[in-house]
Amino acid sequence: MEKYRIEKVGDRSVIIGEMVGEKSMFGTMLVVGDRRAALIDSGIGISGDLDRQVRRYTQLPVIVVHTHSDIDHVGSDALFDEIYLSPLDAEEYSVQSTHAERMKDIAVMVRDDPAWLKNAEEHMVGDASGRFSPLSDGQVIDLGGIHLEVIAVPGHSKGSVCFRNREENYIHLGDAICPVPWIWFTRCPSVETYLQNVREFQGRVDGTETLYCSHSMEALPKNIAERIEHACEEILSGQTKQDQPFEIELTMDVAGKDIRGHVFPDGLLVYDSHHLRERGK
Ligand SMILES: [Zn+2]
């Protein structure tokens with residue numbers, strides 16, 4: 001059973017991808033500074049020993065900084081002492097960081113795979129304490145010789161942020177900007193607002209950065225944000241005849257929504273056709 005995939009992507013940075021079954025990968029990024037290290041997200045916690053993987057690379061104090069609070073990003077928080085998260089995701093965090101909530105979705109993900117189900121039942125990390133320190137847009141986290149800058153891109157969740165590693169010139173995008181952005185949840189802003197937020201992101205980066213997201217070991221195309229902007233523009237201008245209903249398999253609340261996928265080059269924007277613009281506007 002391959003529990004982790006690991007890829008060094010810089011002198012100071014390594015992607016630690018937690019596997020669930022053969023195909024699903026939940027990625028974290030370990031960034032090691034001179035004084036301390038940061039773990040960007042903590043996976044889903046299915047194998048129970050992400051801290052041991054981290055300790056293969058550093059003995060320095062480790063903080064966990066979150067791109068957002070979904071189950072597959074906060075799963076191993078109980079293994080670490082110092083957690084950072086946008087307060088805009090606090091409410092979600094209190095639910096999603098629990099063992100019970102993660103187990104619910106894991107049971108669906110590995111329903112045809114008894115070995116993985118057993119792995120989850122035996123090793124899944126327990127409830128997080130729920131305590132965290134706040135992250136805010138523009139904040140710079142100093143690890144000693146490495147600076148991580150917080151860039152907020154609300155869309156996938158209200159508190160979604162990206163992290164720019166200034167010295168190694170990459171941006172970790174979480175699920176905020178990725179090949180399959182999910183912006184259909186009740187918590188998400190409209191397609192129109194997401195578009196504005198992606199544009200704002202574009203205005204703040206210089207385009208030379210390597211881009212990583214949470215669910216791939218590989219770098220993304222440098223123009224991924226542009227492709228997403230274009231997809232949003234097409235949706236807002238009504239070019240949606242080809243957009244097929246998108247089936248959500250996990251245990252999420254889809255009541256009252258019309259969830260569609262809008263294809264763009266190497267990607268799919270998953271949105272709610274009832275929420276193109278802010279309500280009441
Ligand atoms: Zn995710």
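Nothing here was measured: the structure is a model prediction, and the numbers come from that model.

(A) Fine view of helix 6 (residues 191-204). Helix length check: helix 6, at 14 residues, gives a terminal C-alpha distance of 20 Å against a target of 20 Å (1.5 Å per residue), a fit within 8%. By the burial criterion, the buried members of helix 6 are Val-191, Tyr-194, Leu-195, Asn-197, Val-198 and Phe-201. Buried residues of helix 6, viewed axially, fall in a sector of 165°; they line one side. Those residues of helix 6 that are buried are in contact with strand 9 (147-152), helix 7 (224-236) and strand 15 (267-272).

(B) Local environment of the sheet that holds strand 15. In spatial order, the strands read 13-14-15; together these three strands make up an open sheet with antiparallel pairing. The open sheet has two edge strands, strand 13 (244-245) and strand 15, and neither has a second partner. This element, helix 7, spans strand 14 (259-264) and strand 15 of the sheet and lies at about 125° to strand 14.

(C) Here's a closer look at the environment of Val-64. You can see Val-64 is positioned in strand 5 (residues 62-65). When the C-alpha atoms of Val-64 and Met-29 are compared, they prove to be 9.9 Å apart, with 35 residues separating the residues in sequence.

(D) Expanded view of the sheet that holds strand 8 (residues 140-142). Here five strands make up an open sheet; going across it, the order is 8-9-10-11-12 and the pairing mixed. Where the open sheet ends on each side, the last strands, each with one partner, are strand 8 and strand 12 (210-212). For this sheet the average axis-to-axis angle between neighbouring strands, irrespective of direction, equals 25°. With three bridges connecting them, strand 10 (residues 161-165) and strand 11 (residues 170-172) associate as antiparallel partners. Looking at the pairing, Arg-164 lines up with Ile-171 of strand 11.

(E) View of helix 4 (residues 99-109). Every buried residue of helix 4 is accounted for by Arg-102, Ile-106 and Met-109. The arc that holds every buried residue of helix 4, seen down its axis, measures 50°, which confines them to one face. Opposite the packed face of helix 4, turned more than 90 degrees from it, sit the exposed residues Ala-100 and Val-108. Looking at the buried positions of helix 4, the neighbouring elements they touch are strand 2 (13-20), strand 3 (24-32), helix 2 (71-74) and helix 5 (114-123).

(F) Summary view of the nonpolar core. Core analysis: the largest hydrophobic core is formed by 75 residues, its most contacted members being Leu-30, Val-31, Val-153, Leu-173 and Ile-177. Among the elements that make up this core, the one with the highest residue count is helix 7 (six residues). Other than its neighbours up to four places away in sequence, Val-153 contacts Ser-160, Val-161, Cys-162, Ala-176, Ile-177, Asn-197, Val-198 and Phe-201.

(G) Fine view of the packing of helix 6 against helix 7. The contact between helix 6 and helix 7 brings their axes to 9 Å, and the two run at 155°. As the angle between them shows, helix 6 and helix 7 are arranged roughly antiparallel. Here the hand of the crossing between helix 6 and helix 7 comes out left-handed. Contact residues: Val-191, Glu-192, Tyr-194, Leu-195, Val-198, Arg-199, Phe-201 and Gln-202 in helix 6; Ala-225, Ile-228, Glu-229, Cys-232, Glu-233, Ile-235 and Leu-236 in helix 7.

(H) Representation of unusual backbone geometry in the model. A positive phi angle is found at Asp-41, which is not glycine, with a value near 70°. Within the secondary structure layout, Asp-41 lies in the loop between strand 4 (37-40) and helix 1 (50-55). C-beta crowding within 10 Å serves as the criterion here: with 30 such atoms nearby, Asp-41 is assigned to the buried category. For Asn-169, which is not glycine, the phi dihedral falls at a positive 50°. Mapped onto the elements of the fold, Asn-169 is located in the loop between strand 10 and strand 11. Residue classification places Asn-169 among the exposed positions, given that 12 C-beta atoms sit within 10 Å.

What counts, and at which threshold
Residues numbered from 1 in each chain as written. Predicted model: local features only at pLDDT ≥ 70, side-chain atom pairs only at ≥ 80, totals over all residues. Helix = DSSP H or I, 4+ residues; strand = E, 2+ residues; numbered from the N terminus. Expected span 1.5 Å × (residues − 1). Buried ≥ 20, exposed ≤ 12 C-beta atoms within 10 Å, placed from the backbone. Arc of directions from axis to C-beta. Contact = placed C-beta atoms within 7 Å. Pairing = 2+ DSSP bridges. Axes fitted to C-alpha atoms, helices over the stretch in contact; angles between N-to-C directions. Core = buried A, V, L, I, M, F, W, Y, C linked by C-beta atoms within 7 Å. Parallel < 35°, antiparallel > 145°, perpendicular 65-115°, else oblique. Left-handed = near helix turned anticlockwise from the far one by under 90°.

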